[in-house]
Amino acid sequence: MNDAINQPLPKAYGAIVEETQRLGFTMPSDIQTCALLRTLAASKPAGKFLELGTGSGLSTAWILDGMDNASTLVSFDHDDALLAIAGKYLGHDQRLSLVRSDGADWVHENEGQSFDFIFADTWHGKYLLLDEVLAMLHPGGLYIVDDMLPQSNWPEGHPEKAFAFIDQLESRDDLWIVKQHWATGMIIGVKRC
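All values reported here derive from a predicted model rather than from experimental measurement.

1. Let's talk about the overall build of the protein
Okay, step 1: Helix and strand counts for the protein stand at seven helices and seven strands.
Okay, step 2: Listing each helix as α and each strand as β along the protein from the N terminus yields α-α-β-α-β-α-β-α-β-α-β-α-β-β.
Okay, step 3: Taken against the 2.2 N^0.38 rule, which gives 16 Å for 193 residues, the C-alpha radius of gyration of the protein at 16 Å falls within 12% of a compact globule.
Okay, step 4: The principal-axis extent of the C-alpha atoms belonging to the protein is close to 40 × 40 × 40 Å.
Okay, step 5: In the protein, buried positions account for 50% of the 193 residues.
Okay, step 6: Taking contacts inside the protein between residues at least 6 apart in sequence as the whole, the part at least 24 apart equals 66%.
Okay, step 7: When the accessible surface of the protein is split by element, carbon and sulfur atoms take 52% of a total near 9,500 Å².
Okay, step 8: Charge centroids of the protein, computed over 14 positive and 27 negative side chains, lie 5 Å from each other.

So this is what it looks like as structure tokens:
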């Protein structure tokens, strides 16, 4: 067994990768993370999905690929250039709502919504406003984060922030989590019933 992805890539994935590289964006989700997102998305038929941090749409493409036709995905980001790439290749998908918003603004404006699957790929919902975002997760819902292993692009002081976040997740009594020393470092949580 190895980490090779031996299944079809989402149709738009290659074009999104090329445009992301041309733009010089250095923090996209890696392909192993994306493949896991697709697999987990397939476990939530007719699900409500949330992605905090669209980026250029790389992980968005994989989540959409795993979703059924009755599911919906809300994905937001504050970067117009990155959202333009996601919109160009994925904006036609009726299941997807791409939103340009600051993370804190979006979370505060959408308190009371609930989701079956949350991929927190930005500071909000991970290092900021964790309680508010986890309150949006249905019982049995999936909470997923990546980039938990040390990265070359981490700013000074970030390792301590990551360790504190992990400690915070492990101390919660409303979430079962598993940490995976794989890809860029994954944590998958399930909201306890």
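2. Some points on the sheet that holds strand E5 (residues 137-145)
Okay, step 1: Across the sheet, seven strands lie side by side as E3-E2-E1-E4-E5-E7-E6; this open sheet has mixed pairing. Both edges of this open sheet fall to strand E3 (96-100) and strand E6 (175-180), since each of them pairs with a single strand only. Taken pair by pair, the neighbouring strands of this sheet meet at an average axis angle of 15°, ignoring direction.
Okay, step 2: Note: E5 against strand E7 (residues 186-191), four bridges, orientation antiparallel. Residue pairing for E7: Tyr143 is matched across the bridge by Gly189.
Okay, step 3: Each of strand E2 (72-77) and E3 is contacted by helix H4 (residues 80-90), which is oriented at about 160° to E3, the strand it contacts most.

3. Some words on the environment of Gly140
Okay, step 1: In this structure, Gly140 sits in strand E5.
Okay, step 2: Separated by 21 residues in sequence, Gly140 and Phe119 have C-alpha atoms that sit 15 Å apart.
Okay, step 3: Contact partners of Gly140, with chain neighbours within four places excluded, come to Lys44, Val190, Lys191 and Cys193.

4. As for the packing of aromatic side chains
Okay, step 1: By the definition in use, this model includes six aromatic pairs.
Okay, step 2: Aromatic side chains Trp106 and Phe115 sit 6.4 Å apart centroid to centroid with 40° between the ring planes, which places their arrangement in the tilted category.
Okay, step 3: When its relative accessible area of 1% is taken as the criterion, Phe115 is described as buried.
Okay, step 4: Ring pairs connect the aromatic residues Phe76, Trp106 and Phe115, which therefore count as one cluster.
Okay, step 5: In this structure, Lys48 packs its charged tip against the face of Phe115, placed 5.1 Å from the ring centre.
Okay, step 6: One residue, Arg192, lies across the ring of Trp176, its end atom 3.9 Å from the ring centre.

Definitions and cut-offs
- Residues numbered from 1 in each chain as written.
- Predicted model: local features only at pLDDT ≥ 70, side-chain atom pairs only at ≥ 80, totals over all residues.
- Heavy atoms only, no water.
- Helix = DSSP H or I, 4+ residues; strand = E, 2+ residues; numbered from the N terminus.
- Rg over C-alpha atoms; globule rule 2.2 N^0.38 Å.
- Buried < 20%, exposed > 50% of the residue type's maximum accessible area, 1.4 Å probe, protein only.
- Contact = heavy atoms within 4.5 Å.
- Areas by Shrake-Rupley, 256 points an atom, 1.4 Å probe, with all protein chains shown as cover.
- Lys, Arg positive; Asp, Glu negative; His and termini not counted.
- Charge placed at Lys NZ, Arg CZ, Asp CG, Glu CD.
- Pairing = 2+ DSSP bridges.
- Axes fitted to C-alpha atoms, helices over the stretch in contact; angles between N-to-C directions.
- Phe/Tyr/Trp six-rings, centres within 6.5 Å; stacked < 30°, edge-to-face > 60°.
- Lys NZ or Arg CZ within 6 Å of the ring centre and 35° of its normal.

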